[in-house]
Structure formats: C-alpha cells, structure tokens
Amino acid sequence: MKYISTRGNAPVLSFEEAMLTGLARDGGLYLPESIPQMSKADIAALEGVSYEEAAFRVMWPFLGGAFTEDEFRGIIERAYAGFAHDARAPLVQLGSGHFLLELFHGPTLAFKDFAMQLIGQLFEASLTRSGNRVCIVGATSGDTGSAAIEAFRGLEAVDVFILFPHGRVSEVQRRQMTTPSEDNVHALSVTGHFDDCQARVKDMFNDFAFRDAVGLAGVNSINWARVLAQVVYYFTSAVSVGAPHRSVSFTVPTGNFGDIFAGYIAKRMGLPIDRLVVATNQNDILHRCLSQGDYTPDGVIPSISPSMDIQVSSNFERALYYAYGEDGNAVGQLMDELKAGGFKVSQGALEALRESFDSGNCSEEETRATIARLWNGTGELLCPHSAVGVKVAEEHHAPGTPMITLATAHPAKFPDAVEEASGLRPPLPSHMADLYDRSERVTRVENDLTAIEDIIKDRTGH
Ligand SMILES: Cc1ncc(COP(=O)(O)O)c(C=O)c1O
Ligand SMILES: N[C@@H](CCOP(=O)(O)O)C(=O)O
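Parameters at a glance
- Residues numbered from 1 in each chain as written.
- Chains lettered and ligands numbered in written order.
- Predicted model: local features only at pLDDT ≥ 70, side-chain atom pairs only at ≥ 80, totals over all residues.
- Axes fitted to C-alpha atoms, helices over the stretch in contact; angles between N-to-C directions.
- Helix = DSSP H or I, 4+ residues; strand = E, 2+ residues; numbered from the N terminus.
- Parallel < 35°, antiparallel > 145°, perpendicular 65-115°, else oblique.
- Left-handed = near helix turned anticlockwise from the far one by under 90°.
- Contact = placed C-beta atoms within 7 Å.
- Nonpolar A, V, L, I, M, F, W, Y, C, P; charged D, E, K, R; others polar.
- Near = placed C-beta within 6 Å.
- Core = buried A, V, L, I, M, F, W, Y, C linked by C-beta atoms within 7 Å.
- Buried ≥ 20, exposed ≤ 12 C-beta atoms within 10 Å, placed from the backbone.
- pLDDT = per-residue confidence, 0-100.
- UniProt positions renumbered as here; feature names shortened; annotations may be inferred.
- Arc of directions from axis to C-beta.

Would you mind showing me how to read the packing of helix 6 (residues 143-152) against helix 7 (residues 171-178) here?
The relative placement of two packed helices comes down to the angle between their axes together with the axis-to-axis distance. Here helix 6 crosses helix 7 at 30°, and the two axes come no closer than 9 Å. Considering their axes alone, helix 6 and helix 7 lie roughly parallel with respect to each other. As for how helix 6 packs across helix 7, the hand of that crossing is left-handed. Across from Asp 143, Gly 145, Ser 146 and Ile 149 in helix 6, the residues of helix 7 making contact are Gln 173, Gln 176 and Met 177. Classifying every residue of the contact of helix 6 with helix 7 gives two nonpolar, four polar and one charged.

And the structure:
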C-alpha cells in the first residue's frame with residue numbers, strides 16, 4: 001500500500017512514512033493510492049465483534065505491512081484501554097430511526113481520542129524501532145490539542161507544541177492543554193483564530209530547512225493515520241443499525257472536514273452509506289460551497305461551538321481530489337486560488353461532491369434550542385457541536401434510512417454554553433475533577449512564523 005499527495009508532486013510513501021511525514025512536500029495531503037474494499041460478507045462479519053477487533057479488520061489493509069499483525073493488535077488494545085465505555089463508541093437512540101453515536105468517552109472527552117490514542121501508540125512503536133526523535137507541531141481549535149497532549153505527554157522521543165487561538169477555546173479545553181506538567185509539552189496561545197494557527201503549521205511544513213532541522217511531524221488530520229482511525233466507527237455504528245443489509249446516513253458536525261471525510265472513505269470501502277451530511281455552525285463556508293459552489297472564506301465568527309470555528313477546512317482538499325477525478329494539478333491550482341482569496345468549484349466536481357454529501361447550517365439560537373429540547377425531551381445532554389449535528393440531521397433524515405449523528409464532544413467541555421441552554425452545568429468526570437485547581441503553563445505568541453519557529457528551535461535545542 002502506497003500513499004500519494006493530493007497535489008501529485010511529492011514522493012510516494014509507505015504508511016509509516018506518510019504517518020511520520022505529515023504534510024506532503026508539495027503542500028498536499030497524503031491519500032492511499034487505492035482504497036481497500038470490504039465485501040458485504042466482511043462487513044456483516046463485524047456484527048458482535050469488539051470495537052478493537054473491528055478496528056483491526058478495517059485498518060489492517062491500509063498498513064501495507066508497517067507492523068506485524070500481533071504488533072498492530074497490541075497497539076489497538078493499548079489505544080482503547082483507557083476509554084470509559086466498554087463499547088468505546090456507544091449508540092443511543094434519539095427518536096424514530098435517529099441515533100446518536102457518542103464519541104466522547106475517551107480520556108479527553110472528544111472524538112479526537114479515537115485517532116490520537118491510536119497514533120500515540122503507532123508513533124511510539126515506530127520511533128522505538130528506529131531510534132528517531134520527532135517534533136510534533138499541531139494547530140487546534142480546542143480538541144485536537146488536548147487529545148494530542150494526552151496521547152504524547154511524557155513520551156521520550158517526542159516534543160509536542162500545540163498552537164491554539166488565544167481566548168477562543170473553552171476554559172476546560174485550555175486547561176487540558178496548559179496544565180500537563182511534562183517537559184515535552186508546550187502550549188502556545190496565538191493571537192488570531194484557528195485558521196491562523198493551521199496556516200502557521202502548514203508554513204512550518206513548507207519551510208524545509210526548519211522542517212528537516214527539528215524533525216517536524218504533524219498530528220492534525222493532515223496526518224492520514226488520523227483519518228484512518230476515524231473510519232472504524234462508521235463501520236461499527238452502521239452495522240449496529242442494519243448495514244450491510246440496509247443503507248445508513250450520517251450527519252457530522254464539521255469544521256476541518258476530517259471526520260466526515262473518514263465517512264467518505266468508509267463509503268468508498270464498500271459501506272452502504274446513503275448520505276453524508278455536513279453540519280456547520282454559523283461559520284458555514286462548507287455549506288455555502290456545497291450549495292453554491294463558491295469557496296471564499298469571509299472571516300471566522302466566534303461561536304458557542306468553538307471547535308468548529310473554521311473557514312479554511314484542510315481536508316476538503318482530499319474530497320476535491322476525488323471530485324476532480326484524482327487530478328493533483330487541478331487541486332494544486334484550486335489551493336493556489338484559495339491563497340489568493342477563494343475558488344469556484346467546477347459544475348462537474350460539484351455534482352461529484354453532491355453524489356455523497358449534503359449540508360446544512362445551524363445558528364447560535366438553534367444550537368441552544370436543540371440542547372434544551374433534547375435535554376428536556378430525551379434526557380440526552382448534548383455539547384454545542386453535537387447539537388449542531390442533531391439539528392441539521394433532523395432536517396435531512398429520510399424516512400426508512402437510519403440516520404446516525406456523531407456526538408463529537410462531552411458537554412462538560414463546554415459548561416457555560418450548555419448551562420445557558422439547558423439550565424444544567426455538566427460536571428467533569430472524576431479523572432478531571434481537579435482541573436480548575438491545577439496550575440497552568442502557557443506561552444503567549446503573536447501570529448508570526450519566525451516568532452513561533454524561534455520558540456520551537458529554542459525549546460528543542462536547534
Ligand atoms: C467537538 C468537535 N466537533 C466537531 C469538530 C469538527 O471535526 P472536523 O474538523 O473533523 O470536521 C471538531 C474539530 O475537529 C470538534 O472538536
Ligand atoms: N476542531 C479541531 C480542529 C483541528 O482539526 P484536525 O482534525 O485537523 O486536527 C480541533 O479541535 O482542534
């Protein structure tokens with residue numbers, strides 16, 4: 001199994017190389033050169049197996065022999081051992097044919113743990129084998145950063161630097177990033193918004209002298225292994241509601257397009273997914289693009305679902321790659337246009353996207369109303385991101401096809417917004433009960449590439 005760049009101009013890599021490389025050297029994102037297929041019988045056989053066994057069966061064909069079967073099984077076991085729910089990703093029924101996939105039972109209470117706990121183990125196994133050291137730099141709107149720090153803190157061969165937008169993450173998210181005491185963890189609070197943080201991370205990857213000197217690695221969904229780990233729960237949840245004998249639809253609270261893109265990969269592997277519904281908050285560039293074909297960012301507006309306050313949606317590039325018939329040059333041109341302000345999707349590519357994706361948006365008021373309605377009506381307390389998903393799912397739910405909405409974070413990560421909407425302040429689980437008493441360690445930095453690179457070089461001795 002080989003991995004190629006969405007822009008068609010970077011070295012072809014193995015799974016392990018792509019995982020450790022992060023952004024391709026032509027600025028693109030790595031994808032498998034072909035997508036392994038699961039037959040109807042393979043999918044049906046997932047019924048009743050453990051999450052870990054399903055994870056092994058779904059991901060193994062993508063690894064191309066990077067690890068032995070026993071090594072990979074051990075990696076998966078360790079990755080999910082710390083989850084607070086035996087099912088790992090339990091499914092709860094919300095209404096007739098509408099299900100909620102709870103993805104927040106990992107150690108940092110967001111869906112990011114599914115991938116980050118796994119790649120923490122993959123990195124450790126790979127770096128122990130090679131004796132190499134890496135410097136992970138990540139951008140976060142709140143959840144990726146806390147999950148990455150949890151997965152990599154204290155690891156001998158790794159430094160982890162996380163850039164988050166100053167004042168634009170919830171207090172719980174910030175404290176999850178600033179309170180770990182391990183020396184290899186560095187939280188950087190950047191003036192600006194998430195798109196600025198992500199742009200600086202990509203700038204660092206495109207600064208080859210810096211990249212090679214510090215041994216840069218990425219754990220944002222730039223990293224293919226992040227996306228791959230998220231494919232698994234599409235299979236487990238779909239099988240629980242009747243796949244492969246019936247089609248299933250998913251609604252996904254969306255920002256950087258990594259999670260829903262994992263669903264698209266599941267569909268291409270053979271899972272009978274009818275619709276993949278992109279649910280956005282008021283930062284609805286993806287909804288506007290899928291409805292009108294125009295991708296022109298017009299500024300990020302802070303919302304009560306801050307992890308989705310994103311306008312430059314990194315993984316949309318991967319979807320465009322397929323929509324443009326796997327033409328790397330066309331994708332490269334679109335990304336150049338985006339740097340200059342925005343781009344228009346061709347009619348053919350828009351039709352290709354619409355074969356799989358629908359979209360909808362949700363205002364702040366609608367988000368609060370959905371949290372209140374679900375709490376009062378079903379007893380399910382949603383985080384604001386999941387509420388965006390539920391509201392959009394209800395608008396797209398076709399009778400006869402089960403709809404699964406992804407619940408991407410625990411409500412306790414956003415206590416102010418949830419309390420305002422529902423009247424209930426969700427408590428933190430016991431392993432985080434003293435979060436507000438722990439001391440914080442954070443570096444304030446301007447949105448300036450040189451300033452950020454200097455901090456990283458200084459702290460890593462380069
Ligand atoms: C809680 C939550 N929901 C939804 C999203 C959006 O996911 P994605 O960026 O994969 O589209 C994020 C951020 O990634 C998140 O942290
Ligand atoms: N919402 C994310 C943004 C980064 O997304 P990623 O999937 O590319 O890491 C966050 O919480 O940081």
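I keep staring at the site of ligand 1 and nothing clicks. Help me out?
Around ligand 1, 15 residues are found, and the nearest of them are Asp 143, Asn 256, Gly 258, Ser 307 and Thr 408. Partitioning the shell around ligand 1 into residue classes produces five nonpolar, eight polar and two charged.

What am I meant to see in the nonpolar core here?
Taken as a class, soluble globular proteins show a tendency for nonpolar side chains to be buried jointly. Residues Ile 119, Ile 136, Ala 148, Ile 162 and Phe 235 are the most contacted members of the largest nonpolar core, which totals 151 residues. Take this core: its biggest share by element is twelve residues, from helix 10 (residues 224-240). Once residues lying within four places of it in the same chain are set aside, the contact partners of Ile 162 are Gly 138, Thr 140, Gly 145, Ala 148, Ile 149, Met 177, Ala 187 and Leu 188.

Any chance you could explain the confidence of the model for the protein here in plain terms?
Detailed conclusions should not be drawn from predicted coordinates in areas where pLDDT is low. For the protein, the average pLDDT comes to 98, and 100% of its residues sit at 70 or higher. Interface predicted TM-score (ipTM) for the complex: 0.99; the corresponding pTM is 0.98.

Where do I start with the UniProt feature "modified residue: N6-(pyridoxal phosphate)lysine" (unreviewed entry) in the protein in this structure?
Following the UniProt record, one finds the feature "modified residue: N6-(pyridoxal phosphate)lysine" (unreviewed entry) at Lys 112. Mapped onto the fold, Lys 112 is located in helix 5 (residues 112-130). Ignoring sequence-local partners within four residues, the contact set of Lys 112 consists of Asp 143, Thr 144 and Ala 147.

Help me out: how do you make sense of the site of ligand 2 in this one?
Near ligand 2 lie 13 residues; those nearest to it are Thr 140, Asp 143, Thr 144, Asn 220 and Ser 221. No other element matches the three residues that helix 6 contributes to the shell around ligand 2. Partitioning the shell around ligand 2 into residue classes produces no nonpolar, twelve polar and one charged.

Help me understand helix 18 (residues 415-422) in this model?
Every α-helical turn comprises 3.6 residues, leaving residues that sit three or four positions apart pointing alike. Among all positions of helix 18, only Ala 417, Val 418, Ala 421 and Ser 422 are buried. Down the axis of helix 18, the sector holding all buried residues measures 105°, keeping them to one side. At its buried positions, helix 18 is contacted by helix 16 (364-378) and helix 17 (384-396). Phi for Gly 423, located one or two positions after helix 18, is positive at around 85°.

Is there a simple way to explain the environment of Leu 63 in this structure?
Here Leu 63 lies in helix 3 (residues 51-63). Assessed through the 20 C-beta atoms surrounding it within 10 Å, Leu 63 is described here as buried. Taking the C-alpha atoms as reference points, Leu 63 and Phe 15, separated by 48 residues in sequence, lie 5.6 Å from one another. Beyond its immediate stretch of four places on either side in the chain, Leu 63 contacts Met 1, Phe 15 and Phe 72.

Which parts of the structure should I look at to understand unusual backbone geometry?
Comment: phi is negative for the bulk of residues other than glycine, and the bulk of peptide bonds are trans. Note the cis peptide between Ala 243 and Pro 244, where omega equals 5°. Considering the arrangement of structural elements, one finds Pro 244 in the loop between helix 10 and strand 9 (248-253). Positive phi, normally seen in glycine, also occurs at Arg 88, with a value near 65°. Tracing the backbone through its elements, the reader meets Arg 88 in the loop between helix 4 (69-80) and strand 3 (91-95). Here Glu 326, not a glycine, exhibits a phi torsion of approximately 60°, which is positive. Along the chain, the position of Glu 326 falls in the loop between helix 13 (316-323) and helix 14 (328-339).

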